[in-house]
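# Observations on the three-dimensional arrangement
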Amino acid sequence: MNVLVVGNGGREHALAWKIAQSSRVDRVFVAPGNAGTAEDAENVAISPSDFPQLIKFAKQNHVGLTVVGPEAPLAAGIVDALQAEQLRVFGPSKAAAQLEGSKVFCKNLLRNADVPSADYHAFRDAESAARFVTDRYPDKDQEVPLVVKADGLAAGKGVVVCSRREQVLAAIERIIVDREFGDAGREIIFEERLDGQEASVLAITDGRTIVTLTPAQDHKPAYDGDQGPNTGGMGAYCPTPLVDATMLAWIEEHVLVPTVHALKRSRRPFSGVLYAGLMITHQGPKVLEYNVRFGDPECQPLLMRLRSDLVDILEATVDQRLDELAPLEWDPRPAVCVVMAAEGYPGKYETGQPIRGLEQAAALPDVKVFHAGTRLVDGQVLTSGGRVVGVTALGNSIPTAKLQAYTAVKYIRWPGAWCRKDISDKAR
Ligand code: AMP
Ligand code: GLY
């Protein structure tokens, strides 16, 4: 069978790498891919938003399964488009992808399903949003524990965690009035600000059976000690001791199962990866957000540890027979992924820098360098994005895996390259 992976980040490199290891797979294509996927699979120059070209390619190249990495094509209906052409595709429908595509939809569903989550209020216009804050917090110097979110997809950037009234008012201005995130800012949400550690619990579901993966932890702020602006994720590791087996069972029962049922009841049956972004508060885990795909970079350490054939899992999901799947097998060793980024990320950054040391890093035992923002030009690997590579390593303990990942990081160089130095430290 031939498989097509849609996307071009570190997550898609990890997916293509793992899928290529399946004995049942002949060729793995990645559209459009990066320099890393060019090595482990075959790149195809088609954009993830060009559904007609993807369909044409899948038909001409006998693609038996398409796997969609990023949220944007899912929210735009790529799964519906491919299914309408009798193509098999892993991922949720456009209707189900609203769980990530609209925070208002997600919050309403969570409230109706009684899933623990932050209290919220939704607004359609700047005046009523501003009135709400000034009425509730009349003193301009008092603590205002609110999080302001744009309703739609904003690449992780449409969220502002506030503590002062003027921050909330400035966020309303940026999101609704200036439309900094475009149509994503048509509606706005205020959430109660939660405190605690964050964890990512990803599960694969066909709408009936839920297979939970080992809990992971992402590092969203740019700099060490969780300082600086939010990014797509500067590193991840799994399993995280922040979610033990008892808590994971609780999350399945009180978060994942009611969510899958609520989606089915609202005639949006969910198939694919259900990713719960959780805050572990004093009152227990609460959902911060849902994503409808593998996390990036969580996918990289997760797949590094997965011993089962990923294609079996993906196909069982698409064919709605996850209940027949054997329990997943994992490498018992933890995995740590450190993202190396371009100077300036998550703000403006330069591209086109030649990357050195990739081969030396990859030659280390138990290390895999997943490419994200890279491209191959005349045989040379150049930077082409903000998050450039995700250096991932296995180790007998989390500190050992961390050490091995950072040992590999030292070999990889380009002008301005940087990374967080504390990935996985919260596990201690
Ligand atoms: P989201 O895209 O909704 O996951 O938000 C991005 C980041 O903002 C999360 O990873 C959290 O660090 C933070 N965040 C979101 N919602 C809340 C909340 N209700 N309380 C505290 N922090 C939050
Ligand atoms: N790692 C966060 C995300 O994939 O949204």
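Residues numbered from 1 in each chain as written. Chains lettered and ligands numbered in written order. Predicted model: local features only at pLDDT ≥ 70, side-chain atom pairs only at ≥ 80, totals over all residues. Heavy atoms only, no water.

### Focus: the pattern of salt bridges
- The full count for this structure, using the stated rule, is 28 salt bridges.
- Linking Lys 59 and Glu 85 is a salt bridge whose minimum nitrogen-to-oxygen distance equals 2.5 Å. A residue pair is termed long-range when its members are at least 10 positions apart, and Lys 59 in helix H3 (residues 51-60) and Glu 85 in the loop between helix H5 (78-83) and strand S5 (89-90) qualify at 26 residues.
- Note that Asp 425 is salt-bridged to Lys 402, the shortest N-O span being 2.8 Å. Residue Asp 425 is found in the segment after helix H14 (398-409), and its partner Lys 402 is found in helix H14; the two are separated by 23 residues along the sequence.
- Using a relative accessible area of 26% as the deciding quantity, one classes Asp 425 as partly exposed. (Salt bridge = Lys/Arg side-chain N within 4 Å of Asp/Glu carboxyl O. Helix = DSSP H or I, 4+ residues; strand = E, 2+ residues; numbered from the N terminus. Buried < 20%, exposed > 50% of the residue type's maximum accessible area, 1.4 Å probe, protein only.)

### A few points about the site of ligand 2
- Taken together, Asp 218, Lys 220, Gly 232, Tyr 275, Asn 291, Arg 293, Gly 295, Asp 296, Pro 297 and Glu 298 make up the full set of residues near ligand 2.
- Here Asp 296 contributes a backbone N or O atom positioned 2.9 Å from an oxygen atom of ligand 2.
- Measuring from a nitrogen atom of ligand 2, one finds a side-chain N or O atom of Glu 298 at 2.8 Å.
- With the chains in place, 90% of the 200 Å² that ligand 2 exposes on its own is no longer accessible. (Near = heavy atom within 4 Å. Polar contact = N/O pair within 3.5 Å; in protein donor to acceptor, adjacent residues only side chain to side chain. Areas by Shrake-Rupley, 256 points an atom, 1.4 Å probe, with all protein chains shown as cover.)

### Topic: the sheet that holds strand S10 (residues 197-205)
- Here we have 4 strands laid out as an open sheet, ordered S11-S10-S16-S17, and antiparallel in their pairing. Sheet topology places strand S11 (210-212) and strand S17 (284-291) at the edges, where each strand pairs with a single neighbour. Adjacent strand axes in the sheet meet at a mean angle of 35° when their direction is disregarded.
- In this sheet, S11 lies alongside S10 in antiparallel orientation, the contact comprising 3 bridges. (Pairing = 2+ DSSP bridges. Axes fitted to C-alpha atoms, helices over the stretch in contact; angles between N-to-C directions.)

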